[in-house]
Amino acid sequence: MAEHEDTIGIEDAAVMLRLGLDATRELVDTGQLPALRLNQKHTVLLREEGRRQAEQRRKAATGKDRTPKPATPAVRPKLRRQAAPDLRAYETPGG
């Protein structure tokens with residue numbers, strides 16, 4: 001059965017909410033996550049509702065809004081080359 005573009009399955013909702021499948025099912029079963037049970041095997045959620053709830057969870061977890069910020073280039077520390085160690089002391093006679 002194909003899903004409509006404005007709905008997602010419970011597995012995709014779990015990924016979007018960054019929850020496990022069992023935790024997502026529990027939210028659906030308790031009514032905290034609105035969903036429509038099509039039959040015994042298929043449950044769908046509205047895509048926008050999942051996005052809204054995912055953003056709310058992120059804000060609650062971090063205490064701030066997660067609006068995209070401009071990327072800053074990564075700065076690598078400059079590595080200095082070291083002189084090779086003197087290994088003559090470890091040489092064996094005749095070798």
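Analysis parameters
- Residues numbered from 1 in each chain as written.
- Predicted model: local features only at pLDDT ≥ 70, side-chain atom pairs only at ≥ 80, totals over all residues.
- Heavy atoms only, no water.
- Axes fitted to C-alpha atoms, helices over the stretch in contact; angles between N-to-C directions.
- Helix = DSSP H or I, 4+ residues; strand = E, 2+ residues; numbered from the N terminus.
- Parallel < 35°, antiparallel > 145°, perpendicular 65-115°, else oblique.
- Contact = heavy atoms within 4.5 Å.
- Nonpolar A, V, L, I, M, F, W, Y, C, P; charged D, E, K, R; others polar.
- Buried < 20%, exposed > 50% of the residue type's maximum accessible area, 1.4 Å probe, protein only.
- Arc of directions from axis to C-beta.
- Salt bridge = Lys/Arg side-chain N within 4 Å of Asp/Glu carboxyl O.

A. Representation of the packing of helix H1 (residues 10–17) against helix H2 (residues 21–30) within the structure. Viewed as axis vectors pointing N to C, H1 and H2 meet at an angle of 105°, and their least axial separation amounts to 9 Å. One finds that H1 runs roughly perpendicular with respect to H2. For the pair formed by H1 and H2, the contact residues are Ile10, Glu11, Ala13 and Ala14 on the first element and Leu21, Thr24, Arg25 and Val28 on the second. Looking at the contact of H1 with H2 residue by residue, the classes come out as five nonpolar, one polar and two charged.

B. Just H1, in detail. Residues Ile10, Ala13, Ala14 and Leu17 constitute the buried set of H1. Angular distribution of buried residues about the axis of H1 spans 105°; they occupy a single face of the element. Downstream of H1 by one or two residues, arginine 18 has phi in the positive range, about 60°.

C. Summary view of H2. When we look at burial in H2, the residues that qualify are Thr24, Leu27 and Val28. Projected down its long axis, H2 shows its buried positions confined to an angular sector of 100°, all on one face. Looking at H2, the residues exposed on the side facing more than 90 degrees away from the buried face are Asp22, Glu26, Asp29 and Thr30. The inward-facing, buried residues of H2 contact H1, strand S2 (36–37) and strand S3 (43–46).

D. How the structure looks around the environment of leucine 19. Among the structural elements, leucine 19 can be located in the loop between H1 and H2. In this view, leucine 19 contacts Ala14, Thr24, Leu27 and Arg57; residues no more than four positions away in its chain are not counted.

E. Structural context of the pattern of salt bridges. Counting across every chain of the model gives two salt bridges. Put simply, aspartate 22 and arginine 25 hold a salt bridge, and the shortest N to O gap is 4.0 Å. Of this pair, aspartate 22 and arginine 25 both sit in helix H2, separated by three residues, roughly a single helical turn. Judged by its relative accessible area of 62%, aspartate 22 is exposed.

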